[in-house]
Amino acid sequence: MFELFEKAVLTALGAAAITQKKGEEMVQEMKSRYKISEEEGRAFLERIQEMARTGQQKSAEMAETEVKKALDRMGMVSREEFEKLERRVKTLEALQAQSATSQPEDECLG
């Protein structure tokens, strides 16, 4: 399941890289075709890069949400939930061991 999330994130990163490359190409074309300044071209490229980052972040959030839904449907717990339960079990085992060693011996005489 983690692989699905990883693929979604890598796809978003790839889309962002393509967008940046295409953005730079567009800036060069706009500079030559429309005679815009270097400053205007850089401002345009920054806007495109910001849109790519926003899209990438939204894609990652959507992928994470979908992975969580899939895990819930399959009845799987998250790493955080597993570790919380693991700590709880260890605490209970320690309490049980402590309780077993601290019981008086004359209880058996009862």
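Given the structure is predicted, the values throughout are model-derived calculations rather than measurements.

## Description of the overall build of the chain
Line of reasoning, step 1. Helix and strand content of the chain: three helices and zero strands.
Line of reasoning, step 2. Among the 110 residues that make up the chain, the fraction classed as buried is 13%.
Line of reasoning, step 3. A sequence separation of at least 24 residues applies to 66% of the contacts in the chain between residues at least 6 apart.
Line of reasoning, step 4. Approximately 9400 Å² of the chain is accessible, and the part contributed by carbon and sulfur atoms is 56%.

## Considerations on the pattern of salt bridges
Line of reasoning, step 1. One pass over the full model with this rule turns up three salt bridges.
Line of reasoning, step 2. Its salt-bridge partner being Glu64, residue Lys68 comes within 3.5 Å of it at the nearest N-O pair. In this pair, Lys68 and Glu64 both sit in helix α2 (residues 38-74), four residues apart, roughly one turn of the helix.
Line of reasoning, step 3. One salt bridge in this structure joins Glu66 and Lys69, with 3.6 Å as the shortest N-O distance. Pair noted here: Glu66 and Lys69 are both in helix α2, with a separation of three residues, about one helical turn.
Line of reasoning, step 4. Classification of Glu66 as partly exposed rests on a relative accessible area of 42%.

## Section: the confidence of the model for the chain
Line of reasoning, step 1. Residues of the chain with pLDDT of at least 70 account for 75%, and the chain-wide mean is 78.
Line of reasoning, step 2. Confidence scores differ between elements of the chain, with helix α1 (residues 2-34) showing the lowest mean pLDDT of 67 and helix α3 (residues 79-102) the highest of 93.

## Observations regarding α2
Line of reasoning, step 1. A rise of 1.5 Å per residue sets the reference length of α2, with its 37 residues, at 54 Å; its end C-alpha atoms lie 53 Å apart and thus fit the reference within 8%.
Line of reasoning, step 2. Every buried residue belonging to α2 is among Gly41, Phe44, Leu45, Ile48, Gln49, Ala52, Ala63, Val67 and Ala70, and all of these are buried.
Line of reasoning, step 3. Looking one or two residues past α2, Gly75 carries a phi angle of roughly 80°, positive in sign.

## Some words on the environment of Ala43
Line of reasoning, step 1. Within the fold, Ala43 resides in helix α2.
Line of reasoning, step 2. In sequence terms Ala43 and Val27 are 16 residues apart; their C-alpha atoms lie 9.6 Å from each other.

Parameters and conventions
- Residues numbered from 1 in each chain as written.
- Predicted model: local features only at pLDDT ≥ 70, side-chain atom pairs only at ≥ 80, totals over all residues.
- Heavy atoms only, no water.
- Helix = DSSP H or I, 4+ residues; strand = E, 2+ residues; numbered from the N terminus.
- Buried < 20%, exposed > 50% of the residue type's maximum accessible area, 1.4 Å probe, protein only.
- Contact = heavy atoms within 4.5 Å.
- Areas by Shrake-Rupley, 256 points an atom, 1.4 Å probe, with all protein chains shown as cover.
- Salt bridge = Lys/Arg side-chain N within 4 Å of Asp/Glu carboxyl O.
- pLDDT = per-residue confidence, 0-100.
- Expected span 1.5 Å × (residues − 1).

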